[in-house]
Amino acid sequence: DKTRIGCAGLSLGGEMAMWLGAMDERMAATLSSGFLTVMDQMKRNHCKCWKFDGLRELVDFADIYSLIAPRYLLCQNGLKERSNGFIVPLARKEMAEIKVIYNDFGVPENATLFVYDGGHGLQMPNLLSFIDKHLGEK
């Protein structure tokens, strides 16, 4: 069913889900866990897998996530991330920026940030609920 395609990933997989959701409009729902942050945070002790020449001068991750709008987006970030990781205060700031675009589409509820009491991980019950709600049987 072409209307029920989604993607999900954790960490580098969360980045790949972000890119796939942003670039492939067949993705009706995207879950990105452990990756919602700002590029400046990624300069510190992270792989350079996200870094493309000239990208930082043009956009930040919120801009890329915003390309998913108006389709469903769920980001997950843990309260116990290490300080140079994908910390919740930055995730909240970025989600507020993403919500601006979703508000413009009239569907602010389609983009959410799920904050959990844990470290760098995927919250499976939340993921399954998201999939069931947005990609389940119609």
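In this report, the structure presented in the accompanying data block is examined. (Residues numbered from 1 in each chain as written. Predicted model: local features only at pLDDT ≥ 70, side-chain atom pairs only at ≥ 80, totals over all residues. Heavy atoms only, no water.)

Regarding the overall build of the protein
Along the protein, the regular secondary structure elements total six helices and four strands. Here the protein, with 138 residues, has 48% of them falling under the buried criterion. In the protein, once contacts between residues fewer than 6 apart in sequence are set aside, the share between residues at least 24 apart is 69%. For the protein, the exposed surface amounts to about 7300 Å²; the carbon and sulfur share of it is 57%. (Helix = DSSP H or I, 4+ residues; strand = E, 2+ residues; numbered from the N terminus. Buried < 20%, exposed > 50% of the residue type's maximum accessible area, 1.4 Å probe, protein only. Contact = heavy atoms within 4.5 Å. Areas by Shrake-Rupley, 256 points an atom, 1.4 Å probe, with all protein chains shown as cover.)

So, the pattern of salt bridges
Considering all chains together, one arrives at five salt bridges under this definition. Salt-bridge contacts for Glu94 lead to Lys93; the nearest nitrogen and oxygen are separated by 3.3 Å. We classify Lys93 as partly exposed; its relative accessible area is 42%. For Glu97, the salt bridge goes to Lys93, with nearest N and O atoms at 3.0 Å. Of this pair, Glu97 and Lys93 both sit in helix H5 (residues 88-104), four residues apart, which is roughly one turn of that helix. Using a relative accessible area of 38% as the deciding quantity, one classes Glu97 as partly exposed. A network of salt bridges, in which partner residues are shared, links Lys93, Glu94 and Glu97. (Salt bridge = Lys/Arg side-chain N within 4 Å of Asp/Glu carboxyl O.)

Points about the layout of surface pockets
Gaps left between atoms show up when a probe the size of a water molecule is rolled over them. Of the voids in this model, the largest pocket is the one considered here, and its volume is about 180 Å³. If you go around the largest pocket, the residues you meet are Tyr72, Leu73, Leu74, Glu109, Asn110, Thr112, Phe114, Asn126, Ser129, Phe130, Lys133 and His134. Listed by contribution, the elements that provide at least two residues to the lining of the largest pocket are strand E3 (72-78), strand E4 (111-116) and helix H6 (124-135). Sort the elements by how many residues they give to the lining of the largest pocket and H6 lands first, with five residues. For the lining of the largest pocket, the per-class residue count stands at five nonpolar, five polar and two charged. (1 Å grid on protein atoms, 1.4 Å probe; cavity = no way out; pocket = protein on both sides within 12 Å on 5 of 7 lines; lining within 4 Å. Points joined across faces, edges and corners; volume = space filled by probe spheres on them. Nonpolar A, V, L, I, M, F, W, Y, C, P; charged D, E, K, R; others polar.)

Some remarks on the environment of Glu25
Following the sequence through the fold, Glu25 ends up in the loop between helix H1 (12-23) and strand E2 (27-33). Each C-alpha atom of the pair Glu25 and Ile5 lies 9.6 Å from the other, and the pair is 20 residues apart in sequence.

Remarks on the pairing of E2
Along E2, seven of the seven residues are buried, which leaves the element largely enclosed by surrounding structure. Where strand E1 (residues 5-10) meets E2, six bridges bridge the pair, whose relative direction is parallel. Counterpart to Cys7 in the pairing with E2 is Thr30. Both E2 and E3 contribute to a ladder of five bridges, which runs parallel. Of the residues in E3, the one forming a bridge with Ser32 is Cys75. (Pairing = 2+ DSSP bridges.)

Focus: the sheet that holds E3
By definition, the strands of a sheet pair up through backbone hydrogen bonds, in either a parallel or an antiparallel sense. Pairing is parallel in the open sheet, where four strands are placed in the order E1-E2-E3-E4. Both outer strands of the open sheet, E1 and E4, are each paired with one neighbouring strand and no more. Averaged over all adjacent pairs, the angle separating strand axes in this sheet is 10°, with direction ignored. Two elements, E3 and E4, share six bridges in a ladder whose sense is parallel. Within E4, the residue paired with Gly78 across the bridge is Tyr116. Packing of H5 onto the sheet brings it into contact with E3 and E4, and relative to E4 it is tilted by some 165°. (Axes fitted to C-alpha atoms, helices over the stretch in contact; angles between N-to-C directions.)

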